Amino acid sequence: MSFDAIVVGARVAGASLAYYLAKAGYQVLLLDRATFPSDTLSTHNMFSNSLGILQEMGVLEAVLETDTPLYRRGRIQFDGAVIDGLFPETNGIQGCLCVRRKYLDRILFEHAKQQPGVTAVEGFKVTSLIRVDGAIAGVEGRRRDGQGETERFEAKLVVGADGRLSRVREWVGSERKISLPTDFASYVAYLSDFRQEGETHVEFHKNGDKLAIVFPTSDGQFVVGGMFPLNDIARLDRFKANPEAGFRELIDEGFGHTTLAERFRNARFVEPIRGLHGYDNDWYVGMGEGWALLGDALTFKDPCVGQGMHDALFGARLLADILSRRPSDEWQGNWASMGEAYQSAMEEKLMSRFWLGCQFTKNVPVSEEMTAAYNLVGSDQGATGTFLGMYNYASEPEDLQAEIGRLLASVQGGAPTQV
């Protein structure tokens, strides 16, 4: 069978791309080795700009019907400095959503599957790519149940939306342009009976070489990420031997001076704790002859900045737009120009947040000057909104620099800051 595009990976990035390509009139084969609903390790948070894309796709209402609370507030504690406020509105939406992937991925997969022009196959493992005259021309694979012969599908384009450890990326030999290894091990846990003070919110705590992030998520639970240096071998061994005890010890030792430790002690783990023992912050070439990469297969950044979901949605819409500027019969011979357009647009939009994640991924002490700047930002409502707005693209890093400059000038001039 032949298609305009085969998308390998049918979660957020892949399902969204299949939807946009189908709306543009292309014939799409959407494949995933999993069957849905299916969970995956993820921070799974979306800010208001991502919810705007879901609204555009026509799935926001279904996502909001999951048992997942919208939240507006962010509270960040950087080594003693506190920034606490509301995320700015974007796309007419003021709210963030940390919906479980077992719900979100199923909604997006089913939505893509319903589009005319999309053929969706679950439980299919791609085992190799088809090449014709050096270009990628399709995939081969088998059903996960092991029944039947190897199946072969041809297409003008194969898209790897198959995650951080993408096999498609490996097979096509995409060049890695940037690589920065993290200094941290990360563990993720789901909690019930966790309490917050005031309005439901996201919490980000950094104390020395330890970090903790808390998001309200589906089913009345909270998802907590705990991070500590990879070279702390003794702690890593304790986590491996007893993840729950290791997690509680990390929070007690790192954040005993905050209310997080007590609230964490009173909470209950509801699922097995999962860990990620190191990862690279990386960026690859996104397109070549007959292939493209999307989502974490293209670029992965430290999960503490919560940008992965947005980048997958934005990238899907952008890639579909670039491809739809010409009939699929004209893709051949235009890979270089389309690839340049895709790469430059993705980097222009996402690179600043990539480097923001890279700042957190290295175990470098926060300077006194930076702590003082964070304290200034936290003392001013406008600056706080600008800081939080970097996460949903309501503001840019240079806007925050301007705000800090304004506050410094105000302090040096003896004028009161706006609170």
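Shown above is the structure to which this text applies.
Since the structure is predicted, the reported quantities are computational estimates derived from the model, not experimental observations. Per chain, the residues get numbers from 1 upward, laid out in the order the sequence is written. At least 70 in pLDDT is required for a residue's local features to be given in this predicted model, at least 80 for side-chain atom pairs to be given and counted, and no such filter applies to totals for whole chains, interfaces and linings, which use all residues. Neither water nor hydrogens contribute to the side-chain values; these are computed over all heavy atoms in the structure.

*Asks:* Can you help me understand the overall build of the protein in this one?
*Replies:* The helix and strand inventory of the protein stands at 13 helices and 19 strands. In terms of overall dimensions, the protein is globule-like: its C-alpha atoms have a radius of gyration of 22 Å, near the 22 Å expected for 419 residues. Relative accessibility thresholds used throughout: buried, under 20% of the residue-type maximum; exposed, over 50%; partly exposed, between the two (1.4 Å probe, protein chains only). Relative to its 419 residues, the protein shows a buried fraction of 56%. Pairs at least 24 apart in sequence give 73% of the contacts found in the protein among residues at least 6 apart. All tallies of charge rest on Lys and Arg as positive and Asp and Glu as negative; His and the ends of each chain are not included. Throughout, a charge is located at the NZ atom of Lys, the CZ atom of Arg, the CG atom of Asp or the CD atom of Glu. Taking the 42 positively charged and 56 negatively charged side chains of the protein as two groups, their mean positions are separated by 4 Å. Every helix listed is a DSSP run of H or I at least four residues long, and every strand listed is a run of E at least two residues long, numbered separately from the N terminus. As a reference, a globule follows 2.2 Å times the number of residues to the power 0.38, and the radius of gyration itself is taken over C-alpha atoms. Here, two residues are considered to be in contact whenever any of their heavy atoms come within 4.5 Å of each other.

*Asks:* Hey, could you run me through the side chain of S42 in this one?
*Replies:* Note that S42 resides in the loop between β2 (28–31) and α2 (48–57). Taking the relative accessible area as the measure of exposure, S42 reaches 12% and is therefore buried. A polar contact is formed between the side chain of S42 and the backbone nitrogen of H44, at a distance of 2.9 Å. Leave out the neighbours within four places in its chain, and S42 touches R101, Y190 and M309. N or O atoms closer than or at 3.5 Å make up a polar contact, with two conditions inside protein: a donor-capable atom paired with an acceptor-capable one, and, for residues adjacent in sequence, both atoms drawn from side chains.

*Asks:* I'm lost on the layout of surface pockets in this one. Help?
*Replies:* In this approach, a probe sized like a water molecule rolls over the atoms, and the result shows the empty space that is left. A 1.4 Å probe that fits into a set of points on a 1 Å grid over the protein atoms alone but cannot get out defines a cavity; an open set with protein on both sides within 12 Å along at least five of seven lines defines a pocket, and lining residues are those with an atom within 4 Å of a point. Grid points are joined across faces, edges and corners, and a volume is the space filled by probe spheres set on the points. Size it by volume and the second largest pocket reaches roughly 550 Å³. Considering each element in turn, the lining of the second largest pocket owes the most residues, 6 residues, to helix α10 (residues 335–361). Classification used: nonpolar for Ala, Val, Leu, Ile, Met, Phe, Trp, Tyr, Cys and Pro, charged for Asp, Glu, Lys and Arg, polar for all others including Gly. Here the residues of the lining of the second largest pocket sort into 18 nonpolar, 5 polar and 3 charged.

*Asks:* In this structure, what is going on with the environment of S38? I would like to understand it.
*Replies:* Among the secondary structure elements, S38 is positioned in the loop between β2 and α2. Separated by 87 residues in sequence, S38 and K125 place their C-alpha atoms 15 Å apart. A distance of 2.7 Å separates polar atoms of two side chains, one belonging to S38 and the other to R11.

*Asks:* What am I meant to see in the nonpolar core here?
*Replies:* Looking at soluble globular proteins, one finds that nonpolar side chains tend to be buried together. Nonpolar cores were defined as sets of buried Ala, Val, Leu, Ile, Met, Phe, Trp, Tyr and Cys residues, with membership established by side-chain atoms within 4.5 Å. If you look at the biggest cluster of nonpolar residues, it comprises 82 residues, and the most contacted ones within it are I6, L17, L54, L104, V139 and Y342. It is helix α9 (residues 308–323) that contributes the most residues to this core, 10 residues altogether.

*Asks:* Could you clarify how one ought to interpret helix α1 (residues 12–23) in this entry?
*Replies:* With 12 residues, α1 extends 17 Å from end C-alpha to end C-alpha; this agrees with the ideal 16 Å at 1.5 Å per step. Counted residue by residue, α1 has 11 buried out of 12 residues, so it is predominantly covered. Where α1 is concerned, the buried positions are V12, A13, G14, A15, S16, L17, A18, Y19, Y20, L21 and A22. Phi turns positive, to about 100°, at G25, one or two residues after α1. Between the first and last residue of a helix there are one fewer steps than residues, each counted as 1.5 Å, and that sum is the expected span.

*Asks:* Just to check I follow, could you spell out the pattern of salt bridges for this structure?
*Replies:* Pairs can form between side chains of opposite charge whenever their charged atoms are close. By definition, a salt bridge exists where a carboxyl oxygen of Asp or Glu is found within 4 Å of a side-chain nitrogen of Lys or Arg. In total, this model carries 33 salt bridges according to the counting rule given. Here K177 makes a salt bridge to E347, at a shortest N to O gap of 2.8 Å. Within this pair, whereas K177 is found in strand β9 (residues 176–181), its partner E347 is found in helix α10, the two being separated by 170 residues in sequence. R263 is paired through a salt bridge with E203; the nearest N and O atoms lie 2.9 Å apart. With R263 in helix α8 (residues 259–265) and E203 in strand β11 (residues 201–207), this residue pair connects regions lying 60 residues apart in the sequence. As far as burial versus exposure is concerned, R263 and E203 are alike and both buried. One salt-bridge network, in which partners are shared between bridges, spans D232, R235, R238, E249 and E253.

*Asks:* How do you make sense of the pairing of strand β4 (residues 81–86) when you look at a structure like this?
*Replies:* Regular strands have side chains that alternate between both faces of the sheet. The two faces of β4 differ: A81, I83 and G85 on one face are buried, but V82, D84 and L86 on the other face are not. Strands were regarded as paired on the criterion that DSSP finds at least two bridges between them. Judged from the 6 bridges that link them, strand β3 (residues 73–78) and β4 form a sheet pairing that is antiparallel. Within β4, the position partnered with Q77 by the bridge is V82. With antiparallel pairing between neighbouring strands as the criterion, β3 and β4 make up a hairpin whose turn holds 2 residues, including D79 at a positive phi of roughly 45°.

*Asks:* Any chance you could explain empty space enclosed by the protein here in plain terms?
*Replies:* Under the defined criterion, the tally for this structure stands at 1 cavity of 30 Å³ or more. Sorting the residues of the lining of the largest cavity by element identifies β3, β11 and β12 (210–216) as the ones contributing at least two each. The greatest single-element share of the lining of the largest cavity, amounting to 3 residues, is contributed by β3.

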